[in-house]
Amino acid sequence: QVQLVESGGGLVQAGGSLRLSCAASGLSFSTYAMGWFRQAPGKEREFVAAISWTGASTSYSDSVKGRFTISRDNAKNTLYLQMNSLKPEDTAVYYCAANTADRMPSARPTVYEYWGQGTQVTVSS
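Residues numbered from 1 in each chain as written. Predicted model: local features only at pLDDT ≥ 70, side-chain atom pairs only at ≥ 80, totals over all residues. Heavy atoms only, no water.

On to the overall build of the protein chain. Assigned secondary structure in the protein chain consists of zero helices and 11 strands. Along its sequence from the N terminus, the protein chain presents helices and strands in the succession β-β-β-β-β-β-β-β-β-β-β. Dimensions of the protein chain, computed from C-alpha atoms along their principal axes, come out at roughly 40 × 30 × 25 Å. Pairs at least 24 residues apart make up 58% of the contacts formed inside the protein chain by residues separated by at least 6 positions. A total accessible area of about 6,200 Å² is found for the protein chain, and carbon and sulfur atoms account for 46% of it. Here the protein chain holds 11 positive side-chain charges and 9 negative ones, and the gap between their average locations is 4 Å. (Helix = DSSP H or I, 4+ residues; strand = E, 2+ residues; numbered from the N terminus. Contact = heavy atoms within 4.5 Å. Areas by Shrake-Rupley, 256 points an atom, 1.4 Å probe, with all protein chains shown as cover. Lys, Arg positive; Asp, Glu negative; His and termini not counted. Charge placed at Lys NZ, Arg CZ, Asp CG, Glu CD.)

Below, the structure is given as structure tokens:
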């Protein structure tokens, strides 16, 4: 059974930092590209960042580029999202997802077959 479990969310002031983790089990983590998405109240789920199976290639949405960093540790089956210079508009539930369609970063939600339950990130002004 595939499980993706996010952690590290919480309440932080604007300008602060958080590091999200996503622990994967039940799948060959090192062979999958991975991604982070988020969904704010009343809005559609949106792409945040993605990383290739080796970690050599990454992709970011324009809204987080330069502030967020996606990384992975294949030995620990864990995906990370380091979030710096947080803004109130970053407030959302953050989801990690496993891309079963190809091994390169993708912003398309349809290529991600497995999703975690999400972790809440709240940024106060």
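Structure's up, so let's keep going.
Relative to the helices and strands, S52 is located in the loop between β5 (46-51) and β6 (58-60). Not counting residues up to four positions away in its chain, the partners in contact with S52 are A33, S57, R72, R103, M104 and P105.

In strand β1 (residues 3-7), alternate side chains face the same way, and those of L4 and E6 are buried while those of Q3, V5 and S7 on the opposite face are not. In the sheet, β1 pairs with strand β3 (residues 18-25) via five bridges, with the strands oriented antiparallel. Bridge assignment links E6 to a residue of β3, and that residue is C22. (Buried < 20%, exposed > 50% of the residue type's maximum accessible area, 1.4 Å probe, protein only. Pairing = 2+ DSSP bridges.)

Summed over all chains, the structure comprises four salt bridges. Between D90 and R38 there is a salt bridge whose closest N-O contact spans 2.9 Å. Residue D90 is found in the loop between β8 (78-83) and β9 (92-99), and its partner R38 is found in strand β4 (residues 33-39); the two are separated by 52 residues along the sequence. Residue classification places R38 among the buried residues on the basis of a relative accessible area of 5%. Among the charged side chains, a salt-bridge network with shared partners connects R38, E46, R67 and D90. (Salt bridge = Lys/Arg side-chain N within 4 Å of Asp/Glu carboxyl O.)

In space, the four strands of this open sheet follow the order β1-β3-β8-β7, with antiparallel pairing throughout. Of all strands in the sheet, those with a lone pairing partner are β1 and β7 (68-73), marking the two edges. This sheet shows a mean twist of 15 degrees between the axes of neighbouring strands, independent of strand direction. (Axes fitted to C-alpha atoms, helices over the stretch in contact; angles between N-to-C directions.)

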